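So the chains spell out like this:
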Amino acid sequence: MKKFGLTDKEVAESKAKYGDNSMTEQAHESFWDKLKGNLGDPMIKILIVALLINVVLAVLGITGVIKEGAPEWYEPLGIFIAICLATLVSTFSEYRNENAFQKLQEEASRIMVKTYRNGVVTEVAINDIVVGDAILLQSGDKIPADGIIIDGDLKVDQSVLNGESREAKKLAIPDGWTDTDENTNFDNEHKVFRGAVVCSGNAVMEVTVVGDKSVYGKIASELQTDDDRDTPLKVKLSKLANGISKFGYIGGIAIAIAMLAKTMLIDTGGNPMNFLQVTVDGVTQFNTFGLIEAVIQAIMLAVIIIVMAVPEGLPLMIAIVSAQNMGKMLKDNVLVRKVAGIETAGSLNILFSDKTGTITKGKLEAINFIDGGVNEYKTFNDVGGKLGDLLCLSIHKNTLSMISGEGSDRRVLGGNATERAILGFAMNAQCKADVIAVGNIPFNSTNKYSATQVDGEYELSLIKGAPEKILQRCSHYYDKDGKKQPFDMKALNAKIDELANRAIRVLALATSEDALGEDSLPDGNNWTLVGCLGIRDEVRPESVTAIKEVKGAGVQVVMITGDRKETAVAIAKEAGLIDSDSNIMLTSDELAKLSDDEIKSKLRDIRVIARALPSDKSRLVRLAQELDLVAGMTGDGVNDSPALKKADVGFAMGGGTEVAKEASDIVILDDNFNSIDRAILYGRTIFNSIRKFIIFQLTINVAAVLISFICPLINVESPLNVIQILWVNLVMDTLAALAFGGEPPLERFMKEKPKRRNEPIISKYMMSEIIIGAGWTFILSCAMLVLGSFPKPADGASDALSFLEQWGWLRSSVIEGEAHAILHTAYFAFFIFIAVFNAFNARTDRMNLFDNLGKNKGFLTVFGVIAIVQILMTYLGRGILAGWGLNLTEWLVVLIAAISIIPIDLIRKAVANSASNSKS
């Protein structure tokens, strides 16, 4: 009896010399690393600059350097809170999902391996395997390390390593064998590699390479480098941040210059010397202190303008909407590892997808049966009669597979994938014939057949194999009643050719009344055909629908497979990938002959890459990115990992290797193309939600900037201070982020064209809504402030009532030294409520403002809460938030003015829709 394996002492020595089988974990970002990365967000950087300026000015105010106009201590605190909230929510969401992913990885790596130790087979954790260990390999096992076969033989699926779907045969090394193959050669018939799966057979392997030095480990190590390019959203937000910065800085400088000019020219009657010179004790001297004070006041106003221009709530909104949708996506079997991966999925232009297990079901199935008369049956139960008995006999008795379990737990075990597919066709059938097997010839890839001889009620040799080996030796076939009929294989061959064009492989079943030879089939050409079984990896029905939706969304789908070209084209046609004569289908060899420029010119028409190599995937991703396309890649194997990492968004299959998942941005837990379709939809939903929120917030901010700019120039006290703007941008916008974050994924988003990578995040439609909304708010604001501040010209007296007070629309009150306390209370309430009503405009581009509002029930709740909080602040805000209370008439004026923004925007939408329809 052969003895294999190591003793405990030898295991310790091997571990000390070569190490164990554990692989170096990829460096994962800590919570603080992620937080640091999120602080680099373009919007956050602007906030940090505003914070620093406010801190400096607040300190100068506290120390007495600035006498008036310095920000209160709570104003920089408010900006600091904005930064903390935005970065912490985003960081926590990503960190939580990463932890969930790592738990999945840990569970996947808890593999026990059947290992010979001290002369007996015992289960050892995969990480504890060492060089020299003898591993028992059986059907279904994953090979745990690189090594050589020392006993037995088996067939392995190495597709996760080399992308080839064919089964590779591995044999035991002969006596005196030495390894002369220094390179990684997956075709070496004696070597096996970590990650491959045993399809059939039994063998013992001796471990020669472990851990990071294995082929699997080397590929994983190569993924440690971080060369990610910026996501489309980051590119768009950077442009937005630059635009807002310019708007804020230009506005700030302009208001500073305007204020200095007003102080030195207008307020001095047009003679700046009246300001620059002062007389002290009869001596005229330069007004240094006055000039410094005027400059500081101008700078303070400029800071307010800049703070107002920055949408402080936007980073927090993006964090909230991403976190909300990550939870929803997990319910749809999509695990998001990196927050940026969600939005990037919505921006995809081109998706390179695996075939097996993603577009197809990932397992062979017998999908039909054709008898000798070319009658087709979809299921075993459709066959019936004596023919059904003979078919049941041929399937159940001539196989290496077996059925396990009862009822709903019944499943096919053992044998190779083809054997399991054939037995699965008749898994629930009970063979009526009483026979026993008395001889067997197992399947041989050279001869392409297997056979079993049975005795009993039937005395037959049951033969199964390739049609070209079987049909030519059949003189008759069984009809539905089991009677023999003369066989003409011309019609059946035509049917087989038709099935081949649909990527269906055919196996023929026949019987002979002659006995089997020792290792040979019965002689003669008088066999009787039972029929042919069609076998293939079926296209998932939901994949056809999903691919149609993804293509309708403007995303080009390219199927990459290790299958031969004819099979790949047939699958692609059924899946709906090929729909035009201009579509291009290439093999890996054909692709290799093309230059990069030639591929770029053809890329838009490529639909299939057959016989693909791992290097083809990385090359295609690189070329797509050079064309400025947003490229996605799906994969499950170790060989897919470099391309997954290089792609803008990598989709790893949940049933794939740990290395592939580590390289990905998103893990598709159910290995289904339909889930990729959902990921794209969620990505577009998030992007649309962000755009809606930008309309909502920038309308407020632009209006606030315009008001703060114009008020000092017309001698009207600015009604908004920094803390009020922070109240709008933080308290209200934080809640608004929850409201817009709850927007439902709508199928119409999948009919939109993909957004270009460098496309501005603010579209022309959005710009028109922001300008008109902010403009209308500004007009009403000016009217309210001017009419509420200035007395009627005829009155003349400085304490005369304003227009609004004269008309009875506003009370006249001086509270705590503030002459326009009620006006500022009414104005701030108006400013909040016009934003609330404008939220209904921003959330839909339809004329019906309640479009799909029922699918976002939180929207009404959130803005209802905002309204209630603002009403409370109107009475409780006091000096900080201008809250001195309003009476019924004043509330009526505020609400009528605020709600007027709805009909204004409906008019804008009607004009925009009319213009859009006339163009189309």
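As the structure is a computational prediction, the values presented were derived from the model and not from experiment.

Calculation criteria
- Every residue gets a number counted from 1 within its own chain, in the order that chain's sequence is written.
- pLDDT decides what is reported in this predicted model: residues at 70 or higher carry local features, side-chain atom pairs at 80 or more are listed and counted, and totals for whole chains, interfaces and linings draw on all residues regardless.
- The side-chain values count all of the structure's non-hydrogen atoms but skip hydrogen atoms and water molecules.
- Secondary structure is summarised from DSSP: a helix means a run of H or I of at least four residues, a strand means a run of E of at least two, and numbering begins at the N terminus for each.
- Residue exposure (1.4 Å probe, protein chains only): buried if accessible area is under 20% of the type maximum, exposed if over 50%, otherwise partly exposed.
- Whether two residues are in contact is decided by their heavy atoms: any pair within 4.5 Å suffices.
- At least two bridges found by DSSP between two strands are what make those strands a pair.
- Fitted lines through C-alpha atoms give the axes, limited to the stretch in contact for helices. The angle between two N-to-C directions lies from 0 to 180 degrees.
- Think of a polar contact as two N or O atoms within 3.5 Å of one another; within protein, one of them needs to be a possible hydrogen donor and the other a possible acceptor, and neighboring residues in sequence only count if both atoms come from side chains.
- In what follows, a disulfide is any cysteine sulfur pair within 2.5 Å.
- Remark: nonpolar core denotes a set of buried residues (Ala, Val, Leu, Ile, Met, Phe, Trp, Tyr, Cys) joined through side-chain atoms within 4.5 Å.

### So, the overall build of the chain
Line of reasoning, step 1. Counting secondary structure elements, the chain contains 30 helices and 28 strands.
Line of reasoning, step 2. The buried share of the chain, taken over its 920 residues, is 53%.
Line of reasoning, step 3. A fraction of 72% describes how many contacts in the chain between residues 6 or more apart in sequence connect residues 24 or more apart.

### Some words on the pairing of strand 11 (residues 350-354)
Successive side chains on a regular strand alternate, one facing one side of the sheet and the next facing the other.
Line of reasoning, step 1. When you tally the buried positions in strand 11, you get five out of five residues, the bulk of the element.
Line of reasoning, step 2. Bridge count for strand 11 against strand 23 (residues 556-560) is five bridges, and the pairing is parallel. Considered in strand 23, the bridge of Phe 352 is made with Val 558.
Line of reasoning, step 3. Relative to strand 26 (residues 631-635), strand 11 runs parallel, the two being bridged by three bridges. If you follow Phe 352 over to strand 26, its bridge partner there is Met 633.

### Here's the deal with the sheet that holds strand 10 (residues 334-336)
Line of reasoning, step 1. On the basis of which strands lie adjacent, the open sheet formed by eight strands has the order 10-28-27-26-11-23-25-24 and mixed pairing. At either end of the open sheet lies a strand with only one pairing partner, and these are strand 10 and strand 24 (584-587). Sheet twist, expressed as the average angle between the axes of neighbouring strands with direction ignored, equals 20°.
Line of reasoning, step 2. Lying on the sheet, helix 11 (residues 339-346) is in contact with strand 10, strand 27 (649-653) and strand 28 (666-668); it crosses strand 27 at an angle near 105°.

### Some thoughts on the environment of Ile 871
Line of reasoning, step 1. Looking at where Ile 871 falls in the secondary structure, it is placed in helix 28 (residues 857-876).
Line of reasoning, step 2. On the basis of relative accessible area, Ile 871 is assigned to the partly exposed category, the value being 35%.
Line of reasoning, step 3. Here the alpha-carbon distance between Ile 871 and Gly 883, two residues 12 residues apart in the chain, equals 9.1 Å.
Line of reasoning, step 4. With residues up to four places along the chain from it excluded, the contact list for Ile 871 reads Phe 833 and Trp 891.

### Digging into the side chain of Thr 874
Line of reasoning, step 1. Considering the arrangement of structural elements, one finds Thr 874 in helix 28.
Line of reasoning, step 2. Within polar-contact distance, the side chain of Thr 874 engages the backbone oxygen of Gln 870 at 2.7 Å.
Line of reasoning, step 3. Contact partners of Thr 874, with chain neighbours within four places excluded, come to Thr 825, Ala 829, Gly 883, Trp 884, Gly 885, Leu 886 and Trp 891.

### A word on the side chain of Asp 537
Line of reasoning, step 1. Relative to the assigned elements, Asp 537 resides in strand 22 (residues 527-539).
Line of reasoning, step 2. According to the relative accessible area criterion, Asp 537 is buried, its value standing at 11%.
Line of reasoning, step 3. One polar contact links Asp 537 to Thr 360, side chain to side chain, over a distance of 2.6 Å.
Line of reasoning, step 4. If sequence neighbours within four positions are ignored, Asp 537 has contacts with Lys 355, Thr 356, Gly 357, Thr 360, Lys 361, Gly 362, Lys 363, Leu 364 and Ile 571.

### Comments concerning the state of the cysteines
Linking two cysteines covalently through their sulfur atoms gives a disulfide.
Line of reasoning, step 1. This model, assessed by the stated rule, comprises one disulfide.
Line of reasoning, step 2. One disulfide bridge connects Cys 392 with Cys 431, the sulfur atoms lying 2.1 Å from each other. One disulfide, between Cys 392 and Cys 431, carries an S-S torsion of -95° and so falls in the left-handed class. Taken together, the positions of Cys 392 in helix 12 (residues 385-397) and Cys 431 in the loop between helix 13 (417-425) and strand 16 (435-444) put the pair 39 residues apart, joining distant regions of the chain.
Line of reasoning, step 3. Judged by relative accessible area, Cys 392 falls into the buried class, the value being 2%.
Line of reasoning, step 4. You can call Cys 431 partly exposed: its relative accessible area is 27%.
Line of reasoning, step 5. Distance from the sulfur of Cys 711, which forms no disulfide, to the nearest cysteine sulfur (Cys 782) is 6.6 Å.
Line of reasoning, step 6. Residue Cys 711 is classed as buried on the basis of its relative accessible area, which comes to 2%.
Line of reasoning, step 7. Judged by relative accessible area, Cys 782 falls into the partly exposed class, the value being 21%.

### Quick look at the nonpolar core
The nonpolar side chains of soluble globular proteins are, as a tendency, buried together.
Line of reasoning, step 1. In terms of nonpolar packing, the biggest core is built from 119 residues, with Phe 651, Ile 690, Phe 696, Phe 740 and Phe 863 touching the most fellow members.
Line of reasoning, step 2. When residues no more than four places from it in sequence are discounted, the contact partners of Phe 651 are Ala 345, Leu 348, Leu 351, Met 633, Thr 634, Gly 635, Leu 644, Ser 664, Ile 666, Ile 668, Ile 676 and Ala 679.
Line of reasoning, step 3. Counting 31 residues, the second largest nonpolar core, distinct from the first, contains Phe 369, Leu 393, Ile 422 and Ile 535.

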